[in-house]
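# Survey of secondary and tertiary structure
Now for the letters of each chain:
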Amino acid sequence: MTISLKSSDLPLLNHLGSWVAERSNQWPEAVIERVEHAFADTMVCIVAGSVDPVTLKVRTAAKSWGNGQATVVGLHDQLNAPAAAMINGTAAHVLEIDDNFYPALTHASAVIVPALLALGDEIGASGEDIIDAYSVGLELHALLGRGVNRSHYFAGWHPTATIGCIGTAGACARLLKLGVEETIAAMSIATSMASGNKAQFGTEAKSFQCGMSASNAVTAARLAQAGLQGNPDVLEDPQGFLPLYGGPDPRGWAEPLRKLDNPLAMLEFGVAPKRHACCGSAHNSLDCILDLQSQYGFAPEDIAAINVLVGSSNKKNLRYDDPQDEFQARFSLHYNVALILLQGKVTLQDFTPQAVARPEVRALLSLTTMRARTFEEEPKDPDIRPPHVVTITLKDGRTLEQSRAFAKGLIQDPFTQAERDQKVEDCCLPVLGKTRTADLLAAMKSISATSNIRAITDILRSGMQ
């Protein structure tokens, strides 16, 4: 399906509203399988994050907004859908183990899944409808991200909370089976609610911005369903999204619109589930070090220096060379490189005040030097991904180099089923125990065949007070 956008044509949201409301619900088998994997991966991230102090703070506030029919992981009582989406969205993102989506530069699933889960609980949606709405939402994330990134991201916006809100509102409209005009309104209203900046990276508010985005997407869709209207030209209006949020050099909408559904972003790129519990900007570099370790077998004491080349925005994200707490440590390349050198992995247990203060880790921080390409040196199209390059100088004089454009977990280097199962255990066993973890894993084996999403959410509420 190819759509063109000319200067004299209708506003972008008119095209998107028609596509969301009228597109067939038939998706390639590869898309369905990948969406099921993404949904399951996000669910276990929510479970692991549901007991984090940040999530509990959001939950304490949101519980006062009233009960409803939407499940909050870790809570027996159900809340209204916006509140549930906010709490579960925060939980999905707080531990930095949720997936990335490269075409949009968003943590797409951590916004889409909590929003659809909340609405799905309210309306008793089938797994097939959830998969369908997720697929629509991911494609909208891709289009919107391609239109404003990398410029939007470089300017300091948090696309998960901006692009994520607008695109996920479209996914919510799809799940609610809204018509064209209502869908246009939902995405227009969501544009007014799109906010979030990268100054919050390394703080508690960063993960909240993800929950806020999911909650706002649900609210926007429900407001549109009730008849509230917005400007359909809000994405390109001179005082709208592209001019205000676009950054120094946005691409615009014409080329991204031509690529909508042609090919599907889930087929071309997939999502990027994480094996390291830290900012995705570090993952290519960490995987490069693991590649070199596997090939050459060096130990930390053999290394004289590590030089890492990353993208311009990646360096801005990895802003803490000397992290002082677990939040900063998740955004510290130096800290996570030290973990890889010492233990070959970055785990959830590495992000506590005690873990960050370990002298054996801090002794290795000075080994790493990070440099970045300039914004001007990078392609405007976020689909084009220059590699990250790691150069390790050993004390014996040897220089080792490795580059990666794609981290482990993407379709170019996918997880095995054993690796996916291990992540489920790491995330869920400490929270749910063996029996409920096994029940959840079984329920998520074929989400598209689930007649009612409550078959999954009931497991997440069982045993809770």
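Relevant structure appears above.
### A look at the packing of aromatic side chains
The tally for this structure, following the rule as stated, stands at six aromatic pairs. An aromatic cluster is defined as three or more aromatic residues linked by ring pairs; in this entry it consists of Trp157, Phe241 and Tyr245. Lysine 198 extends its terminal NZ or CZ atom over the ring of tyrosine 153, reaching a point 3.7 Å from the ring centre. The aromatic ring of phenylalanine 201 is capped on one face by lysine 206, whose charged end is 4.6 Å from the ring centroid.

### Examining helix α1 (residues 12-22)
α1 sits mainly inside the fold: eight of its 11 residues count as buried. Buried within α1 we find Leu12, Leu13, Asn14, His15, Leu16, Gly17, Trp19 and Val20.

### As for the pattern of salt bridges
Per the counting criterion, the structure on display carries 24 salt bridges. A salt bridge links arginine 146 to glutamate 268; the shortest N-O distance between them is 3.7 Å. Linking arginine 146 in helix α6 (residues 127-148) with glutamate 268 in helix α13 (residues 265-268), this pair joins segments that are 122 residues apart in sequence. One salt-bridge network, held together by shared partners, links Asp291, Arg404, Lys408, Asp413 and Glu419.

### Section: the pairing of strand β5 (residues 399-404)
On a regular strand, each side chain points to the face opposite its neighbour's, so the side chains alternate between the two faces of the sheet. Two elements, strand β4 (residues 388-394) and β5, share six bridges in a ladder whose sense is antiparallel. Residue pairing in the sheet places valine 390 in a bridge with glutamine 402 of β5. The antiparallel pairing of β4 with β5 creates a hairpin that spans four residues between the two strands, and glycine 397 there sits at a positive phi of about 100 degrees.

### Some points on the sheet that holds β5
Strand order in the open sheet made by the four strands is β3-β2-β4-β5, with mixed pairing throughout. Each edge of the sheet is formed by a strand with only one pairing partner; in this case those strands are β3 (368-372) and β5. The sheet shows a mean angle of 15 degrees between the axes of neighbouring strands, taken without regard to direction. Here strand β2 (residues 303-310) pairs with β4 via six bridges, running antiparallel. Its bridge partner lying in β4, isoleucine 303 is registered against leucine 394. Helix-sheet contacts for helix α14 (residues 283-296) involve β2, β4 and β5, and the interaxial angle to β5 is about 135 degrees.

### A few points about the side chain of serine 188
The topology assignment puts serine 188 in helix α9 (residues 180-193). Residue classification places serine 188 among the buried residues on the basis of a relative accessible area of 2%. Polar side-chain contacts of serine 188 include one of 2.8 Å to the backbone oxygen of asparagine 231. When neighbours within four sequence positions are excluded, serine 188 is seen to be in contact with Leu13, Gly230, Asn231, Pro232 and Val234.

### A look at the environment of valine 389
Among the secondary structure elements, valine 389 is positioned in strand β4. Looking at valine 389, the relative accessible area reads 17%, which means it is buried. Sequence spacing of valine 389 and threonine 347 is 42 residues, and the spatial spacing of their C-alpha atoms is 23 Å. Apart from residues lying up to four places away in sequence, valine 389 is in contact with Asn307, Val308, Leu309, Glu401, Gln402 and Ser403.

### Side note on unusual backbone geometry
Here the bond from asparagine 149 into arginine 150 is cis, since omega is 5 degrees, no more than 30 degrees from zero. In this fold, arginine 150 is placed in the loop between α6 and α7 (151-154). Look at aspartate 261: it is not a glycine, yet its phi comes out positive at around 65 degrees. Locating aspartate 261 in the fold gives a position in the loop between α12 (254-259) and α13. Look at aspartate 261 and you get buried, because its relative accessible area is 10%.

### Description of the pairing of β2
Where β2 lies against β3, five bridges are found, and the strand directions are parallel. Each residue of the ladder has a partner; that of leucine 309, found in β3, is arginine 371.

### Details of the nonpolar core
With 150 residues, the main nonpolar core has Leu16, Tyr134 and Leu235 as its most contacted residues. Per element, the largest residue contribution to this core is 12 residues, and it comes from helix α2 (residues 29-49). Once residues lying within four places of it in the same chain are set aside, the contact partners of leucine 235 are Leu12, Leu13, Leu16, Leu144, Ile166, Thr191, Phe241, Leu242, Pro243 and Trp253.

### Remarks on the packing of helix α4 (residues 81-94) against helix α5 (residues 108-123)
Look at α4 against α5: their axes get within 8 Å of each other, and the N-to-C directions meet at 145 degrees. Between α4 and α5 lies a crossing whose hand is right-handed. Together, Ala81, Ala84, Ala85, Asn88, Gly89 and Ala92 of α4 and Ala110, Pro114, Ala115, Leu117, Ala118, Leu119 and Glu122 of α5 make up the contact between the two elements. Of the residues that constitute the contact of α4 with α5, the class distribution is 10 nonpolar, two polar and one charged.

### Some remarks on the side chain of threonine 162
By the secondary structure assignment, threonine 162 is in the loop between α7 and α8 (163-175). Given a relative accessible area of 0%, threonine 162 falls into the buried group. Not counting residues within four places of it along the chain, the set of residues in contact with threonine 162 comprises His152, Trp157, Ala194, Ser195, Gly196 and Tyr245.

### Focus: α14
Relative to the 20 Å expected for 14 residues at 1.5 Å per residue, α14 spans 20 Å between its end C-alpha atoms, a close match to the ideal helical length. The element α14 is extensively covered by neighbouring structure, given that 10 of its 14 residues are classed as buried. Listing the buried residues of α14 in full gives His283, Asn284, Ser285, Leu286, Asp287, Cys288, Ile289, Leu290, Leu292 and Gln293. On its buried face, α14 is in contact with β2, α17 (333-343), β4 and β5. Downstream of α14 by one or two residues, glycine 297 has phi in the positive range, about 65 degrees.

Definitions and limits used
Residues numbered from 1 in each chain as written. Predicted model: local features only at pLDDT ≥ 70, side-chain atom pairs only at ≥ 80, totals over all residues. Heavy atoms only, no water. Phe/Tyr/Trp six-rings, centres within 6.5 Å; stacked < 30°, edge-to-face > 60°. Lys NZ or Arg CZ within 6 Å of the ring centre and 35° of its normal. Buried < 20%, exposed > 50% of the residue type's maximum accessible area, 1.4 Å probe, protein only. Helix = DSSP H or I, 4+ residues; strand = E, 2+ residues; numbered from the N terminus. Salt bridge = Lys/Arg side-chain N within 4 Å of Asp/Glu carboxyl O. Pairing = 2+ DSSP bridges. Axes fitted to C-alpha atoms, helices over the stretch in contact; angles between N-to-C directions. Contact = heavy atoms within 4.5 Å. Polar contact = N/O pair within 3.5 Å; in protein donor to acceptor, adjacent residues only side chain to side chain. Core = buried A, V, L, I, M, F, W, Y, C linked by side-chain atoms within 4.5 Å. Left-handed = near helix turned anticlockwise from the far one by under 90°. Nonpolar A, V, L, I, M, F, W, Y, C, P; charged D, E, K, R; others polar. Expected span 1.5 Å × (residues − 1).

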